[in-house]
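Descriptive analysis of the structure
Read off the chains here:
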Amino acid sequence: MIKAEDVYDVLRKIPEGKVTTYGDIAKALGHPKASRAVGRILHANPNPIIVPCHRVVMSDGKLGGYADGVEKKVRLLKKEGLDFKNNKVENFEKKKVVLKKN
DNA sequence: GCCATGGCTAGTA
DNA sequence: GCCATGGCTAGTA
């Protein structure tokens, strides 16, 4: 079972202007198939201020969801210097962080 | 039984 | 576009 606290811990390491994916978080925590579960956990994020869940997107660079509305997610990411081409993060490969497995 | 995913396959152009 | 996957919640018995 994947713990919400662990997901939030990983999230706090993502710097401004960078992103990661649901699947990468799942892998980093040793649950390669739990990507969807990660999404559910983020949906329940109790504290968007300290846990930047807007920096998590889909494996193909598409936006994914946001509890507070996708528009807001876009706004936050743009403010951090990211851009969107056709519903995808521009230069996705360069914007992804590499996550360590603990 | 839902869903903030992802990987794989069919099959179109 | 289909479906396995994992975590959660509603709501029946």
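Residues numbered from 1 in each chain as written. Chains lettered and ligands numbered in written order. Predicted model: local features only at pLDDT ≥ 70, side-chain atom pairs only at ≥ 80, totals over all residues. Heavy atoms only, no water.

What follows covers the protein's contact with DNA strand C. Around DNA strand C sit Met1, Ile2, Lys33, Ala34, Arg36, Ala37 and Arg40, and that is every residue in its neighbourhood. Measuring from a phosphate oxygen of DNA strand C, one finds a backbone N or O atom of Ile2 at 2.7 Å. With respect to DNA strand C, the side chain of Arg40 contributes an N or O atom lying 3.1 Å from a base nitrogen. When grouped by side-chain class, the residues that make up the surface near DNA strand C number four nonpolar, no polar and three charged. (Near = heavy atom within 4 Å. Polar contact = N/O pair within 3.5 Å; in protein donor to acceptor, adjacent residues only side chain to side chain. Nonpolar A, V, L, I, M, F, W, Y, C, P; charged D, E, K, R; others polar.)

The next subject is helix 1 (residues 4–11). For helix 1, every residue scored as buried is listed here: Val7, Tyr8, Val10 and Leu11. All buried residues of helix 1 project into a common sector of 160° when viewed along the axis, lining one side. On the buried face of helix 1, the contacting elements are helix 2 (22–28), helix 3 (35–43) and strand 2 (56–57). (Buried < 20%, exposed > 50% of the residue type's maximum accessible area, 1.4 Å probe, protein only. Helix = DSSP H or I, 4+ residues; strand = E, 2+ residues; numbered from the N terminus. Arc of directions from axis to C-beta. Contact = heavy atoms within 4.5 Å.)

This brings us to the protein's contact with DNA strand B. Close to DNA strand B lie 15 residues; Tyr22, Gly23, Arg36, His43 and Ser59 are nearest. Here the atoms of DNA strand B within 4 Å of the protein split so that 48% fall in sugar or phosphate, with bases taking the remainder. At 2.8 Å, a side-chain N or O of Tyr22 approaches a base nitrogen of DNA strand B. Contacts to DNA strand B include Gly65, whose backbone N or O atom sits 3.2 Å from a base nitrogen. Elements with a minimum of two residues in the surface near DNA strand B: helix 2 and helix 3.

The next thing to look at is the nonpolar core. Within the largest apolar cluster, 19 residues are counted, with the highest numbers of intra-cluster contacts made by Ile2, Val7, Leu11, Ile25, Val38 and Leu42. Elements with a minimum of two residues in this core: helix 1, helix 2 and helix 3. With residues near it in sequence (within four places) discarded, Val7 still touches Ile2, Ile25, Leu29, Val38, Ile41 and Leu42. Listed in part, the nine residues of the second largest apolar core include Val57, Leu63, Phe84 and Val89. (Core = buried A, V, L, I, M, F, W, Y, C linked by side-chain atoms within 4.5 Å.)

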